Amino acid sequence: MSRVMPRAERRWAALLLVASLVPATALGTHRHTSSTTAKERDRRTWRARATHRRLSQIVVTATRRAKPAQDVAIALTAVNGSEVQSLRIQQPLNLSMLDPSLSTMNAQTDSTPLFLLRGIGLDDFNNNNSSGVGIYLDGVFASFPGFLTGAMYDVARIEILKGPQGTLYGKNTDGGAINIISAQPTKQPSGYLDVSYSRWNTVDATGAVSGPLNDWIKARLAGTMTTQGEGYQTDLTTGKKYGKLDRGGARAIFDLQLNANTDLNLNFHWVYDHSTPSSPSTPNVETLIPSEPFPTAGLMDSPPGGTLVRVGGLPLHKDDIGGGTAATLNVRFKSFTLTSISAYDYFSDHSLDNYDGYPAADNNWTKNFQQWQWSQEVRLTSKTSGPVDWIVGAIYSQNWYHNRDALDWTFVYGLATFMTQGGLAITAENFVQREQSAGVYANVDTHLSSRLTLVTGLRYSHDSASFDGATVDPTGLLTYAAHNFSGPIVPNTILAALNESRANQNLSYRVGLNYQFRPQMLLYGSVATGYKSGIYYGQPAQVQVDWGYVRPETNLTSELGFKSRFLDNSLQVDMDVFDSVIRNRQSSLSLWAGPVGTQPLIAGLGNLPQSRIDGIEAEIDWRPIRGLLIHLAATRLDARVTETLVNDNGLALFTPVQVGQMLPDAPNFAGSYVVSYEHPITQDLIAYTQVNDRYVSDIHPYLGDPTTFGHGHDMGARVGVRNPVQGWDVSLWSTNLTDTRPMTYAFAGSEGQRVSFYQMPRSIGIEFRYAFEPRR
């Protein structure tokens, strides 16, 4: 009798298949080359790399054409795939390790990553919204946070562009843009397998094989998976484990050379996540709730640190799946290149979150949403041989979002007869949101002299959004309790309903001057605008006014900066200062659902009339001696409210928002460093070590909420030995080396309690990597 292989076994079988292909393919690449000669050539190559002091140069496509990062007159951070792997950046959420001006956090338990650059982005925790920092996966804009929860693997490089990028990248880039570029098919057979084992019986495995299929088709297959034997959190009452990972993905890229001037890149990708979510915790809810007719003392609060929680027996779960495809066509003409990018993506989430941080039914969040997007972009890029370099293009996109979430408020509204009882007071929503976006853009670099360049850019955008849905009280008991337990109990009472469409237009521009002071020093200045399109609030609403359209956000930024290299290219110093004026900042708000103190606190989304952010940031890369590389980076922000916000659609704020108040998710200071050292120990072996850390000062979650988090650091380390000739690498690594537990996110819950998400405890692991390339 045949047996269906279990899902976990199927994943391991797939990875073993990839691993089995590696040596078999490698054997076919030696041909008639002398093994001794090839090894000696490899030794000379890596010894040359290990002994030189010059900094390497990363070529980026930040301005839609390939240029060295130091020649791009935009404040940006660029890292290659080996650095991403070495720092264990496994999800877009971890990108803040690369650049202190980037703030990332999970506003829910691993399902809504938030991204802000220089304090501008998104602090809304709902999945129907998108950040003001545009995230581009292989050239395709990710319109929803759900597209950014998957694993990040087999990466060629990452580019973080700071400041408004509205002319070349369009809407939702008023804070900046992030390009995540996958490794591409290679001309010769190559591949690798990377496996690590760490705390909580966690196994990470990533592999790829790449090479030509025939004379005109190259392919690359890559996959990754993470399985965790047990969760890192323990319920104080039940002993159950939470925070257990089970996720992965796969990608296939085909590069077709259709003729001498035309190539087509096809990208197929798939992700899954069947993890058991972690839970936030709260240390102070027992002091804030009224006395109950059942025991609560000592049964609701949990200690700081995040490893001991109280979930109340909720069956926390996550069932995410997504996939998509993208086709990029390049046709090279005599004086320009035509590029067409067509893409489609889908993502689905079914999950249950203990969003309140304690075991009673308060904001127990059942999520059920599906999201789709498709887009078509066409652009023409001039060759770079003349006095003017230009890019013109157009893009059209649509996305859909269908949501059927529910929040359980049974305990908050006094309906529970025992502490963990739920299902009596529910807000359940069902809505469909549709968005359409169209834009045309042009960017021109006019070389006024061999050193001076004028940069001008313009983009017109037209965006529309529609929302059709309702939030109901299925039992009628929530409405009954909200009216002091009086009046009729009417099942399916409508709490909020909305059916409307809105449209808006925007004209973004950039004007800048770049001056090549000397071959290794670039001075630049610019004035640029950015734009985040209007959106609807997506959480189940308790009152009608909590649902509504939130107007577009705009940003005007002035910036001065320089990029320079000294000491025979061994020292690089980049610095810039900027001033941003933001109008109608889309901000999450902490609100009273009714008269102050009589109803629970709820969240909303509104517009802050005006705010301002001044800042300075710097990055330094230095190779003081052979084998040693030091990277330092820091950002200082003064992000404040410049116009008072009194209420949101008549609902009072939890605390007033006054002029001068610090903006949410915009820390005054953040800094990071990476120090690495490598040294040959034998003819074929290199020993290496690395230490990295990131510090961030206090952060506020959203307007009207006095809660703070942050004020901590996250140190990592790695030590290992590798043999570049034979292609293997073995290392020991640690995350959160000092085992500190700062809060990575926190907010005021419905009872005013502090709901806290903590940094994961220290983990130590061992990693083995084997890579092969053909002998030449």
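Predicted, not measured: the structure shown is a model, and the values here were computed from it. Every chain begins its residue count from 1, and numbering advances along the sequence as written. Where totals are concerned, whole chains, interfaces and linings use all residues; where local detail is concerned, this predicted model gives features only for residues with pLDDT of at least 70, and gives and counts side-chain atom pairs only at 80 or more. Hydrogens and water are ignored here; the side-chain numbers use all heavy atoms of the structure.

Caption draft 1: Examining the overall build of the protein chain more closely. A run of H or I in DSSP becomes a helix once it reaches four residues, and a run of E becomes a strand once it reaches two; helices and strands are each numbered from the N terminus. Of the regular secondary structure elements, the protein chain holds five helices and 43 strands. A compact globule built from 776 residues would reach a C-alpha radius of gyration of about 28 Å, and the protein chain, at 27 Å, matches this within 12%. For the protein chain, the spread of C-alpha atoms along the principal axes amounts to about 90 × 65 × 50 Å. Any residue under 20% of the maximum accessible area for its type is buried, any over 50% is exposed, and the rest in between are partly exposed; the area is computed with a 1.4 Å probe on protein chains only. Across the 776 residues in the protein chain, those meeting the buried criterion constitute 57%. Whether two residues are in contact is decided by their heavy atoms, any of which lying within 4.5 Å being enough. Long-range contacts, defined here as pairs at least 24 residues apart, represent 68% of the contacts in the protein chain between residues at least 6 apart. Averaging the locations of the 64 positively and 69 negatively charged side chains of the protein chain gives two centres separated by 11 Å. Between the two quantities, the radius of gyration covers C-alpha atoms and the globule rule is 2.2 Å times the number of residues to the power 0.38. Counting rule for charge: Lys and Arg are taken as positive, Asp and Glu as negative, and neither His nor the chain ends is counted. Lysine's charge is taken at NZ, arginine's at CZ, aspartate's at CG and glutamate's at CD.

Caption draft 2: Here's a closer look at the sheet that holds strand S7 (residues 133-137). Strands were regarded as paired on the criterion that DSSP finds at least two bridges between them. Spatial strand order, S3-S9-S10-S7-S8: five strands in an open sheet with mixed pairing. Edge positions in the open sheet fall to strand S3 (76-80) and strand S8 (140-141), since each of these has one partner strand only. Alignment of S7 against strand S10 (residues 176-182), held across five bridges, turns out to be parallel. Opposite Tyr136, over in S10, you have Asn179 as the bridge partner.

Caption draft 3: Seen up close, empty space enclosed by the protein. Here a cavity denotes grid points, spaced 1 Å and computed from the protein atoms alone, that fit a 1.4 Å probe unable to get out, and a pocket denotes an open set having protein on both sides within 12 Å along at least 5 of 7 lines; residues with an atom within 4 Å of a point are the lining. Grid points are joined across faces, edges and corners, and a volume is the space filled by probe spheres set on the points. Per the stated rule, a full pass over the model turns up twelve cavities of 30 Å³ or more. Counted as a void, the second largest cavity has a volume near 500 Å³. In terms of lining residues, the second largest cavity is bounded by 31 residues, among which Leu137, Phe147, Arg251, His269 and Val271 are the most central. Ten residues, namely Ala, Val, Leu, Ile, Met, Phe, Trp, Tyr, Cys and Pro, are considered nonpolar, four, namely Asp, Glu, Lys and Arg, are considered charged, and the remaining ones, Gly among them, are considered polar. Looking at the lining of the second largest cavity residue by residue, the classes come out as 18 nonpolar, ten polar and three charged.

Caption draft 4: Highlighting the pattern of salt bridges. Every case where a carboxyl oxygen of Asp or Glu lies within 4 Å of a side-chain nitrogen of Lys or Arg is listed as a salt bridge. For the structure shown, the criterion picks out 27 salt bridges. A salt bridge links Arg88 to Asp204; the shortest N-O distance between them is 3.0 Å. Highlighted residues: Arg88 in the loop between helix H3 (81-86) and strand S4 (102-106) and Asp204 in strand S12 (residues 202-212), separated in sequence by 116 residues. Taking relative accessible area as the criterion, Asp204 reaches 7% and is therefore assigned buried. Between Asp273 and Lys318 there is a salt bridge; the shortest N-O distance is 3.4 Å. Of the two residues, Asp273 sits in strand S17 (residues 262-273) while Lys318 sits in strand S19 (residues 317-332), which places them 45 residues apart along the sequence. Put simply, Asp99, Arg118, Lys162, Glu559, Asp576, Glu617 and Glu619 are held in one network by salt bridges that share partners.

Caption draft 5: Seen up close, the side chain of Asn128. Along the chain, Asn128 turns up in the loop between strand S6 (120-121) and S7. Since its relative accessible area comes to 1%, Asn128 is described here as buried. Think of a polar contact as two N or O atoms within 3.5 Å of one another; within protein, one of them needs to be a possible hydrogen donor and the other a possible acceptor, and neighboring residues in sequence only count if both atoms come from side chains. A polar atom in the side chain of Asn128 sits 2.9 Å from the side chain of Gln433. Within polar-contact distance, the side chain of Asn128 engages the backbone oxygen of Tyr536 at 2.9 Å. In this structure, Asn128 is in contact with Phe144, Tyr401, Phe431, Gln433, Ile535, Tyr536, Tyr537 and Gly538, ignoring residues within four places of it in sequence.

Caption draft 6: Molecular detail of the packing of aromatic side chains. For Phe, Tyr and Trp, rings pair up if their centres lie within 6.5 Å, where Trp contributes its six-membered ring, and each pair is then called stacked (planes under 30 degrees apart), edge-to-face (over 60) or tilted (otherwise). Considering all chains together, one arrives at 35 aromatic pairs under this definition. A ring pair is formed by Phe125 and Tyr702, whose centres lie 6.3 Å apart and whose planes are at 40 degrees; its orientation type is tilted. With Phe125 in the loop between S6 and S7 and Tyr702 in the loop between strand S37 (686-699) and strand S38 (709-713), this residue pair connects regions lying 577 residues apart in the sequence. Summarising the burial analysis for this pair, Phe125 and Tyr702 share the class buried. When the ring of Tyr480 is compared with that of Phe485, the centres are 5.8 Å apart and the planes differ by 85 degrees; the resulting orientation is edge-to-face. Cluster of aromatic residues (ring-pair linked, three or more members): Phe144, Phe147, Phe347, Phe369, Tyr401, Phe431, Phe467, Tyr536, Trp547 and Tyr549. Note on criteria: charge over ring means Lys NZ or Arg CZ within 6 Å of the ring centre, with the direction from the centre no more than 35 degrees off the ring normal. Above the plane of the ring of Trp733 lies Arg88, whose end atom (NZ or CZ) is 3.7 Å from the centre. Above the face of the Trp365 ring, Lys367 is positioned so that its terminal group lies 5.5 Å from the ring centre.

Function cannot be inferred from these measures alone, as they are strictly geometric.
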